[in-house]
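Chain by chain, the residues:
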Amino acid sequence: MEVGQIRQRRLSDDIVSQLEAMILEGTLKAGERLPAERQLAERFGVSRPSLREAIQKLVARGLLVSRQGGGNYVAAQLGSTFSDPLLQLLEDNPDAQRDLLEFRHTLEGSCAYYAALRATPVDHERLRSAYESLQACYAEGSKATRVEEGAADARFHLAIAEASHNAVLLHTIRGLFDLLKHNVVTNIGGMYLQRGETRERLREQHRALFEAIIERRAEEARDCSSRHIDYVQEVLDEAQQEVKRLARAQRRGL
């Protein structure tokens, strides 16, 4: 039997694995600067030359970007699913808006389910902070703009994805963050005009979703997420039908 030599693993390969895990789990985010070399070497308990070798490997693979005199960064485009021009196309197309809501229905329901099962106390604190920021936008007398409310809404759903501890779900949501934020901003403007009840209903839906996750009621969390998206679709469909009826009435008057 022919036996090959066992290749000894380099220390830099272990460092690469740890940095990859931090990127994958979302501890290091796209565009984020890595800690200083000395600090990172101390954290890993390795020499700075071994750390530099690991960083060079990740730079070569496109996961990190090294800036002369400016430190090392996670690649900014990492996980960027949609470009800005495509964002505009999707935002302006009613059919694409429906497609996005259908996608959110599946994706966010799964995030909510796994977050209820897996969230740690640290996740709960982050989720609570995002939830309270969103609720502040709904509060009577709030001066939050639609853009600020949309961003708070998207951050709340991102916090749920982080709490799911599913790397694929998390990076999909992160890659869609700008698209999600645009979608929420576009939706709430039309929804508030269509139904006076909308703000209070959204407040209730997000509270029910938050509580189900915190109390680890996984199936209910998924149901709450689905009902929320269903309500958004219902109101938007109603608004679109209203626009079509108005257009028909105007054509008949010509």
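Source: prediction; values computed, not measured.

Undergrad: When you look at the overall build of the protein in this model, what are you seeing that I'm missing?
TA: Counting its regular elements, the protein contains 11 helices and 2 strands. Counting from the amino terminus, helix and strand elements in the protein follow one another as α-α-α-β-β-α-α-α-α-α-α-α-α. Taking all 254 residues of the protein together, 40% fall into the buried category. Sequence-distant contacts, at least 24 apart, represent 74% of the contacts inside the protein between residues at least 6 apart. Of the roughly 14700 Å² of accessible surface on the protein, 50% is carried by carbon and sulfur atoms.

Undergrad: Looking at this structure, how should I read the nonpolar core?
TA: Proteins that are soluble and globular tend to have nonpolar side chains buried together. Of all hydrophobic cores here, the largest spans 46 residues; its most connected members are Leu127, Phe156, Ile160, Met191, Leu209 and Ile213. Core analysis: the second largest hydrophobic core is formed by 18 residues, Ile15, Ile23, Val46 and Leu51 among them.

Undergrad: Mind showing me how you'd approach the side chain of His157 here?
TA: Tracing the backbone shows His157 in helix H7 (residues 146-163). On the accessibility criterion, His157 (4% relative accessible area) is buried. With sequence-adjacent residues up to four places away left out, His157 is seen in contact with Arg104, Glu108, Leu180, His206, Leu209 and His228.

Undergrad: Looking at this model, I keep getting lost on the environment of Gln77. Mind explaining?
TA: Note that Gln77 resides in the loop between strand E2 (71-74) and helix H4 (84-92). When the C-alpha atoms of Gln77 and Ala30 are compared, they prove to be 6.8 Å apart, with 47 residues separating the residues in sequence.

Undergrad: Looking at this structure, I do not really get the side chain of Asp153. What am I missing?
TA: Assignment of secondary structure puts Asp153 in helix H7. No salt bridge forms around the buried Asp153; measuring N to O, its nearest opposite-charge neighbour Arg104 is 4.7 Å away. A distance of 3.1 Å separates a polar atom in the side chain of Asp153 from a polar atom in the side chain of His157. Among all residues touching Asp153, those that are not within four sequence positions of it are Leu134, Tyr138, Val184 and His206.

Undergrad: In this structure, what is going on with H7? I would like to understand it.
TA: Three- or four-residue spacings in an α-helix give side chains the same orientation, since the helix completes a turn every 3.6 residues. Under the 1.5 Å per step criterion, the end-to-end length of H7 is 26 Å for 18 residues, consistent within 8% with the ideal 26 Å. Among the 18 residues of H7, 13 are classified as buried, and the element is accordingly described as predominantly covered.

Undergrad: Where do I start with unusual backbone geometry in this structure?
TA: The phi dihedral of His165 is positive, around 55 degrees, even though this residue is not glycine. You can see His165 is positioned in the loop between H7 and helix H8 (167-175). For His165, a relative accessible area of 47% translates into the label partly exposed. The backbone phi angle of Arg216 is positive, close to 60 degrees, even though this residue is not glycine.

Scoring rules and cut-offs
Residues numbered from 1 in each chain as written. Predicted model: local features only at pLDDT ≥ 70, side-chain atom pairs only at ≥ 80, totals over all residues. Heavy atoms only, no water. Helix = DSSP H or I, 4+ residues; strand = E, 2+ residues; numbered from the N terminus. Buried < 20%, exposed > 50% of the residue type's maximum accessible area, 1.4 Å probe, protein only. Contact = heavy atoms within 4.5 Å. Areas by Shrake-Rupley, 256 points an atom, 1.4 Å probe, with all protein chains shown as cover. Core = buried A, V, L, I, M, F, W, Y, C linked by side-chain atoms within 4.5 Å. Lys, Arg positive; Asp, Glu negative; His and termini not counted. Salt bridge = Lys/Arg side-chain N within 4 Å of Asp/Glu carboxyl O. Polar contact = N/O pair within 3.5 Å; in protein donor to acceptor, adjacent residues only side chain to side chain. Expected span 1.5 Å × (residues − 1).

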